[in-house]
Amino acid sequence: MARAVTPDLCVIGAGASGVAVAEAARRLGASVVMVEKGTPGGSSLRSGALALRALAAAAERSAVAISSPAFGVYPEEAPKVSFRKVHDHIAEVIAQTAPQTGAARLAALGIELIRGTAGFVDPKTIRVGDTRVSARRFVIATGARTALPDIPGLLAVPYFTPETIFDNTRKLTHLVVAGAGPMGLELALSYNRLGCQVTLVEPGRALAHVDPELAEIALRRLRDEGVTVHEESAVVAIEARAQGIGVVIRARSEPMTLDASHVLVATTRTANLEDLNLDAARIRRSKSDPGSLSLNQSLRTTNPRVFAVGEAAGHAPLPHLSALEADLVVRAALLGQQTRYDPAAVPRLTLTDPPVAEIGLSEPMTRARFKTGFKVYRAGYAENDAARADRRGMGLVKLMVGRSGKILGAGVVGAGAGELVALLGLAIARNLDAALLAELSAPHPSYADLLRALGEQVAADRGLNHRLQRRFALNRLLG
């Protein structure tokens, strides 16, 4: 029997981004309907950051065993990896988190969940099966999927994508990864540490989104651990064989064939927008990228009633971004406040080893915007006692500081990068003078001491220490 519902907000997609928006709206007392054609939690739960972190945790156990002789600890035998057990470990971690996005919890929060595929019938209404939803505002949170490249022979062989590789239960003799973005690199590192041969193929620069100075340190460690990285190269064909797979790549115009056992496609992603009937809602796509939506700074589409978040908005699949987007969109959609999404204000973390984290402007971004009106300060992990003790001296913290002393951006490659960037993000949000980092009461030994060292550099560079010395000299003369 057909029915009609008229909530304050309708969220299309019950992944991490959609759930965050729904929860934020309920905290205001708004009535909320969510539409989901699959399982609440979506691919962000099954193959997102949590699954990746669980896989990396298993790989780290193997890496520790291999590297322990440097500390004077000698395992009696090389680590043995059960990929079935690794799979079960990941599944258990996900199962523990699933209730947080499950139907029962949504119902307990007062969020109505409608199962099915949503499509707009007009600018104010969607249809889901026999149900019509006419909401004051809509939020598209349908996520994205891997866009399969047009590679001859790809469909003739079994292949993985980031959505399916977490179902793997077997050792992959030689995994060729097409795409050296964050997800491709993180998966490559984990599988290499679990005993698989791994080759990365990237048409451009690996970690292209990261400050090149930081990226080079992370990639150097990746290569040192045995991952082969082909930059400025492309997979041009895949050959099915009686045993294994032939992967033909063009490396700087030189063709070569890799003998592989498996292929992982980790290239570009495309938003899941096909079923929405956007034309009926008068929602236009971006002129520069027809695969994404045209959005303003508040993440509003060309239909003033409809917003978009997460990968549906063309953003990276970052769990910590969900809460920020949810707050921004709910305030704009339900409170009518002027909001602005600033991607530079969002911490970016790539789980290589050492991990890379950035916030604010990178050095290339700062140079493009300010030319010469800023300074870059660096502190190396090799000079930090905690890093020396942990044998993690391969790392760097850098600050981009404006003439006023304001921190314009920060980047870290090294142990604890995420935690250090979180502290620097607070300093940026509060407009703290970079020299104040010298007052950080960091325990010793700790990685936080790197921030104090940076603050001392800034203070010394601006002559703050010199002024204090002159004041001391004057006080000494006065008795």
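Here, every reference points to the structure presented above.
For every chain, the first residue of its written sequence is number 1, and the numbers climb from 1 along that sequence. In keeping with the model being predicted, local features are shown solely for residues with a pLDDT of at least 70 and side-chain atom pairs are shown and tallied solely at 80 or more, while totals for entire chains, interfaces and linings include all residues. Based on all heavy atoms of the structure, the side-chain values leave hydrogens and waters out of the count.

Draft legend 1. Structural detail: the overall build of the protein chain. Secondary structure follows DSSP: runs of H or I at least 4 residues long count as helices, runs of E at least 2 residues long count as strands, and numbering of each begins at the N terminus. The number of helices and strands found in the protein chain is 13 helices and 23 strands. When we talk radius of gyration, it's over C-alpha atoms, and the globule rule is simply 2.2 Å times the number of residues to the 0.38. Taking 2.2 N^0.38 as the reference for a compact globule, 479 residues should give roughly 23 Å; the C-alpha atoms of the protein chain span a radius of gyration of 25 Å, in line with that estimate. Dimensions of the protein chain along its principal axes, counting C-alpha atoms only, are 90 × 65 × 45 Å. Throughout this description, buried means an accessible area under 20% of the type-specific maximum (1.4 Å probe, protein chains only), exposed means over 50%, and partly exposed covers the range between. Relative to its full complement of 479 residues, the protein chain shows a buried share of 48%. Every residue pair with non-hydrogen atoms within 4.5 Å of one another is taken to be in contact. Counted over contacts in the protein chain with a minimum sequence separation of 6, partners at least 24 positions apart contribute 63%. The accessible surface values rely on the Shrake-Rupley method and a 1.4 Å probe; as for residues, cover is taken only from the protein chains in view. Entry remark: accessible area of the protein chain is about 23300 Å², with carbon and sulfur atoms responsible for 53%. Computed over 56 positive and 46 negative side-chain charges, the inter-centroid distance for the protein chain is 7 Å. Charge convention: Lys and Arg are scored as positive, Asp and Glu as negative, and His as well as the terminal groups of each chain are ignored. The location of each charge is read from NZ of Lys, CZ of Arg, CG of Asp or CD of Glu.

Draft legend 2. Representation of the sheet that holds strand β16 (residues 262–265) within the structure. Here we have four strands laid out as an open sheet, ordered β12-β11-β10-β16, and parallel in their pairing. Two strands bound the open sheet, and with one partner strand each, they are β12 (228–230) and β16. Each adjacent strand pair in this sheet contributes to an overall mean axis angle of 20°, direction not counted. Every angle, taken between N-to-C directions, lies between 0 and 180 degrees, and every axis is a line fitted to C-alpha atoms, over only the stretch in contact when it is a helix. Packing against the sheet, helix α6 (residues 182–193) makes contact with β10 (174–178), β11 (197–201) and β16, and its axis sits at approximately 165° to β11. Strand pairing requires that DSSP identify at least two bridges connecting the strands.

Draft legend 3. Examining helix α7 (residues 212–224) more closely. Over its 13 residues, α7 runs 18 Å from end to end, which matches the ideal 18 Å to within 8%, given 1.5 Å per residue. Residues of α7 that are buried include every one of L214, A215, I217, A218, L219 and L222, and no others. Looking at the buried residues of α7, the elements they touch are α6, β11, β12, β20 (356–360), β22 (396–402) and β23 (407–413). For α7, the capping residue at the N-terminal end is D211, with a side-chain oxygen 2.9 Å from the backbone nitrogen of E213. One or two steps after α7, the chain reaches G226, where phi turns positive at roughly 115°. Every helix has an expected span of 1.5 Å times one less than the residues it contains. Polar contacts, as used here, are pairs of N or O atoms within 3.5 Å; protein pairs need one atom able to donate a hydrogen and one able to accept it. Residues neighboring in sequence count only if both atoms are side-chain atoms.

Draft legend 4. Structural view of the packing of aromatic side chains. When the centres of two rings from Phe, Tyr and Trp lie within 6.5 Å, Trp using its six-membered ring, the rings pair. Their planes under 30 degrees apart give stacked, over 60 give edge-to-face, and anything left gives tilted. Scanning the entire structure with this criterion turns up three aromatic pairs. With centroids separated by 6.0 Å and ring planes inclined at 20°, the aromatic side chains of F83 and Y191 adopt a geometry described as stacked. Linking F83 in helix α4 (residues 83–97) with Y191 in helix α6, this pair joins segments that are 108 residues apart in sequence. Here F83 and Y191 have matching classes, each one buried. Ring plane angle 35° and centroid distance 5.6 Å describe the contact between Y381 and Y447, whose orientation is recorded as tilted. You can see Y381 sitting in the loop between β21 (374–380) and α10 (385–390) and its partner Y447 sitting in the loop between α11 (417–429) and α12 (449–461), a full 66 residues away along the chain. A positively charged side chain is recorded as over a ring if its NZ (Lys) or CZ (Arg) lies within 6 Å of the ring centre. The angle to the ring normal must also be within 35 degrees. The ring of F71 is capped by R391, whose NZ or CZ atom sits 5.9 Å from the centre of that ring.

Draft legend 5. Focus on the pattern of salt bridges. Any carboxyl oxygen of Asp or Glu within 4 Å of a side-chain nitrogen of Lys or Arg constitutes a salt bridge here. Enumeration over the complete set of coordinates arrives at 27 salt bridges. Salt bridges sharing common partners tie together D211, E213, E363, R367, R378 and K398.

Draft legend 6. Up close: the side chain of E202. Note that E202 resides in the loop between β11 and α7. No salt bridge is formed by the buried E202; its nearest oppositely charged neighbour, R205, is found at 9.0 Å. For E202, the side chain forms a polar contact with the main-chain nitrogen of G204, separated by 3.0 Å. Apart from the residues within four sequence positions on either side, E202 is in contact with G179, A180, G181, H230, E231, E232 and S233.

Draft legend 7. Spotlight on the pairing of strand β5 (residues 118–122). Judged from the four bridges that link them, β5 and strand β6 (residues 125–128) form a sheet pairing that is antiparallel. Following the sheet pairing, G119 is matched in β6 by R127. Linkage of β5 to β6, two consecutive antiparallel strands, is achieved through a turn of two residues.

Draft legend 8. Structural view of the environment of L295. Here L295 is to be found in the loop between β17 (269–271) and β18 (306–308). Measuring from C-alpha to C-alpha, the distance between L295 and A313 comes to 7.7 Å, with 18 residues separating the pair along the chain. Setting aside residues up to four positions removed in sequence, L295 forms contacts with R300, T301, A308 and A313.

Draft legend 9. Representation of the packing of helix α3 (residues 49–67) against α6. The contact between α3 and α6 brings their axes to 8 Å, and the two run at 35°. When you trace α3 past α6, the crossing you get is left-handed. Side by side, α3 and α6 meet where L52, L55, A56, A59, E60, S62 and A63 of the first sit next to M183, E186, L187, S190, Y191 and R193 of the second. Classification used: nonpolar for Ala, Val, Leu, Ile, Met, Phe, Trp, Tyr, Cys and Pro, charged for Asp, Glu, Lys and Arg, polar for all others including Gly. When the residues that make up the contact of α3 with α6 are grouped by side-chain class, the tally is eight nonpolar, two polar and three charged. By the definition used in this description, the sense in which the near helix is turned from the far one sets the handedness, with an anticlockwise turn below a right angle giving left-handed and a clockwise turn giving right-handed.

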